[in-house]
Structures are given as C-alpha cells and as structure tokens.
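Descriptive structure summary
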Protein chains: 2
Amino acid sequence: MSHKYMKVERIDHGTVIDHILPSKAFDVLRVLGLSGDRTMSILVNSHSKKGGKKDILKLEDVELTAEEANLVALVSPQATINIIVGGKVVRKFNAEAPRVVRGILTCSNPNCISNQNEPITSEFKLGPDEGHRYVCTYCERDIIDLAKRISP
Amino acid sequence: MSHKYMKVERIDHGTVIDHILPSKAFDVLRVLGLSGDRTMSILVNSHSKKGGKKDILKLEDVELTAEEANLVALVSPQATINIIVGGKVVRKFNAEAPRVVRGILTCSNPNCISNQNEPITSEFKLGPDEGHRYVCTYCERDIIDLAKRISP
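Residues numbered from 1 in each chain as written. Chains lettered and ligands numbered in written order. Predicted model: local features only at pLDDT ≥ 70, side-chain atom pairs only at ≥ 80, totals over all residues. Heavy atoms only, no water.

Helix and strand content of chain A: two helices and eight strands. Sequence-ordered secondary structure for chain A, helices as α and strands as β, is β-α-β-β-α-β-β-β-β-β. Dimensions along the principal axes, computed over C-alpha positions, put chain A at roughly 60 × 35 × 30 Å. Residues classed as buried in chain A amount to 47% of the 152 residues present. For chain A, the proportion of contacts with a sequence separation of at least 24, taken over those separated by at least 6, is 60%. Within the structure as shown, chain A displays about 8100 Å² of accessible surface, and the carbon and sulfur contribution to it stands at 47%. For chain A, the distance from the average site of its 21 positive side-chain charges to the average site of its 19 negative ones is 7 Å. (Helix = DSSP H or I, 4+ residues; strand = E, 2+ residues; numbered from the N terminus. Buried < 20%, exposed > 50% of the residue type's maximum accessible area, 1.4 Å probe, protein only. Contact = heavy atoms within 4.5 Å. Areas by Shrake-Rupley, 256 points an atom, 1.4 Å probe, with all protein chains shown as cover. Lys, Arg positive; Asp, Glu negative; His and termini not counted. Charge placed at Lys NZ, Arg CZ, Asp CG, Glu CD.)

See below:
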C-alpha cells in the first residue's frame with residue numbers, strides 16, 4: 001500500500017516565504033499575526049538543496065506587502081518572499097529589517113510607559129550598529145531575545 | 001517563471017496524521033510534546049477531497065506508538081495515524097480517546113492538589129457519557145476547553 005498524503009499541490013495564488021531559519025516558521029507566523037484559520041503549509045527543518053536545513057511557509061490567497069515582508073526579517077533575516085499569482089512568481093523580494101516597528105513587539109521593561117495600560121503603541125527602532133538590534137523608543141531598553149518579545 | 005517550492009517529497013519514514021480537525025494541527029503538536037526541532041510538514045485548512053477542510057501533519061523519522069496516537073484524539077477524535085516505513089504505510093490506526101491521561105493536561109482548579117507544587121502528576125479520566133469529557137481524578141473538576149488545558 002503506497003501512500004499519497006504529502007503531495008502538496010503547487011500554490012496558485014498566495015505567498016511563499018522561503019529560506020526561513022530552521023525552526024523559525026512559527027515565529028514568522030506570530031510576527032505576521034497569522035493564525036491557524038488560514039490555508040497554509042509549513043515545512044519545518046526541511047532539507048535544503050544546498051545542505052543544511054530551512055523552514056518554508058506557504059500562505060494561500062495572501063499577498064504580503066513589502067512592509068509585512070520586512071517583519072519576517074525580525075525573526076529570519078535571510079528569508080525571501082515570493083508572491084504567486086496564477087501559479088507563477090510575479091514578485092520576489094528579500095526581507096529587510098524594518099527601521100521602525102510599531103506594535104507587534106512588547107518591551108521587556110515592566111516600568112516602560114508602553115507597558116502601563118496607557119493607550120500607547122510600543123515602538124522600537126533599529127540600532128545603528130550591525131547587530132540587528134532593536135531599542136525601545138520610550139525607555140531605550142534593547143531587545144535581547146526578539147522571538148520572546150512578540151506580542152501575543 | 002514557474003516556482004517549485006511546494007513539491008513536498010513523500011515521506012520515507014515517519015508518521016502521517018491525517019484527518020485532523022481544521023486548525024487543530026498546532027494543538028496536536030502540543031499534546032504530543034513535539035516542538036519545532038523536528039523535520040515536519042504541517043498542512044493547515046487543507047482542502048479535503050470529500051469537501052471541507054482538514055489539517056495534516058507529517059512527522060519525519062518518528063513512529064508514534066498507539067498510546068501516543070491516542071493522545072491525538074484528545075484534540076482531534078477523527079484523526080487517522082499512518083506509520084510509514086520505506087515509503088509505505090506499514091500500520092494504520094484511528095486515534096481513540098484514552099481512558100486515562102497522566103501529565104499533559106493541567107487542572108483548571110487552582111486549589112486542586114495537582115496545582116500545589118506537590119510532586120503529583122495530573123490525572124484525568126474519561127467520563128462514562130458520550131460527551132468525550134475528562135474529569136480530574138483529584139478534585140473531580142471537568143475540563144471544559146481541553147486545548148486550553150494542555151500543559152506548556
């Protein structure tokens with residue numbers, strides 16, 4: 001008895017996020033605010049042709065904007081974003097770390113004004129150095145482990 | 001430019017969990033205690049041949065035991081479990097709701113002895129009625145929303 005379960009059809013319309021760091025696909029979903037109510041395929045620790053592992057995320061009937069795509073870079077800087085229409089890649093771009101992130105992340109400083117039940121949206125700015133480091137606009141605290149600071 | 005991203009290769013060795021209730025694949029992973037360090041594919045809200053939607057989970061190089069498979073029934077009673085060896089289905093069984101669940105779930109009663117930092121493993125028993133209802137062995141409280149009671 002042969003099985004045919006995992007023949008995943010090619011996506012006809014949507015977004016394929018490729019070259020996600022291994023095991024980071026779930027963080028990508030969280031940073032994009034996508035929940036399980038969409039049609040999607042998630043490949044985790046998939047064997048890459050170049051050797052090594054990667055995650056791949058296929059989102060059906062979703063066309064990510066460049067701004068949304070850049071959010072992917074928060075958790076997986078090398079990811080590539082492919083917009084598929086009519087079964088073909090019509091746009092392709094690399095995720096680029098956004099300079100400013102509003103909402104989405106939560107400051108780790110409990111005393112930060114963004115954590116005081118005030119009507120204030122969190123805001124982080126990309127630091128000037130190469131370290132891909134985000135700093136709270138309000139209290140200037142760095143984010144150490146970004147995946148842990150994604151707002152629920 | 002045609003894309004070839006989502007040709008998921010057939011699984012050679014592992015477990016395919018099919019007919020998972022739509023959007024419940026993540027809960028299945030949690031109940032099995034599987035994290036993102038494994039090679040797996042997750043199809044969420046996949047279009048079923050019979051119409052309707054379902055989730056599918058492909059776990060590479062994992063052979064679920066019957067006991068583990070039954071845990072799947074906690075969150076998705078109709079799921080089928082297929083064990084694949086050498087690219088073929090060598091065993092197939094339906095998830096059956098376990099009569100007793102030790103660990104895995106947490107009682108919602110904060111005063112329950114299983115929540116008192118005592119060296120006690122939580123335990124729930126399947127109720128006698130048809131309602132697929134689990135009751136705490138210690139304090140007899142019912143579990144209302146099982147997915148919310150999966151231990152982190």
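All names here are of chain A. Under the defined criterion, the tally for this structure stands at 18 salt bridges over all chains. Measuring nitrogen to oxygen at the nearest pair gives 2.9 Å for the salt bridge that ties Asp18 to Lys54. Of this pair, Asp18 sits in strand E1 (residues 14-20) while Lys54 sits in strand E3 (residues 53-60), and the two are 36 residues apart along the sequence. Overall, the relative accessible area of 3% leaves Asp18 in the buried class. Overall, the relative accessible area of 14% leaves Lys54 in the buried class. Between Arg102 and Glu123 there is a salt bridge, with its nearest N and O atoms 2.9 Å apart. One end of the pair, Arg102, is in strand E6 (residues 100-102); the other, Glu123, is in strand E7 (residues 123-126), and 21 residues separate them in sequence. Assessed through its relative accessible area of 14%, Glu123 is described here as buried. Through salt bridges with shared partners, a single network forms among Lys24, Asp27 and Arg30. (Salt bridge = Lys/Arg side-chain N within 4 Å of Asp/Glu carboxyl O.)

A:Ile17, A:Leu32, A:Ile42, B:Ile17, B:Leu32 and B:Ile42 are the most contacted members of the largest nonpolar core, which has 72 residues in total. Residue contacts for A:Leu32: discarding those within four places in its chain leaves A:Ile17, A:Leu64, A:Glu68, A:Leu71 and A:Val72. (Core = buried A, V, L, I, M, F, W, Y, C linked by side-chain atoms within 4.5 Å.)

So, about the sheet that holds strand E7 (residues 123-126) of chain B. Residue and element names in this part refer to chain B. Pairing is antiparallel in the open sheet, where three strands are placed in the order E6-E7-E8. The outermost strands of the open sheet, each flanked by one partner alone, are strand E6 (100-102) and strand E8 (134-136). Strand-to-strand twist of the sheet, defined as the mean angle between neighbouring strand axes without regard to direction, takes the value 25 degrees. (Pairing = 2+ DSSP bridges. Axes fitted to C-alpha atoms, helices over the stretch in contact; angles between N-to-C directions.)

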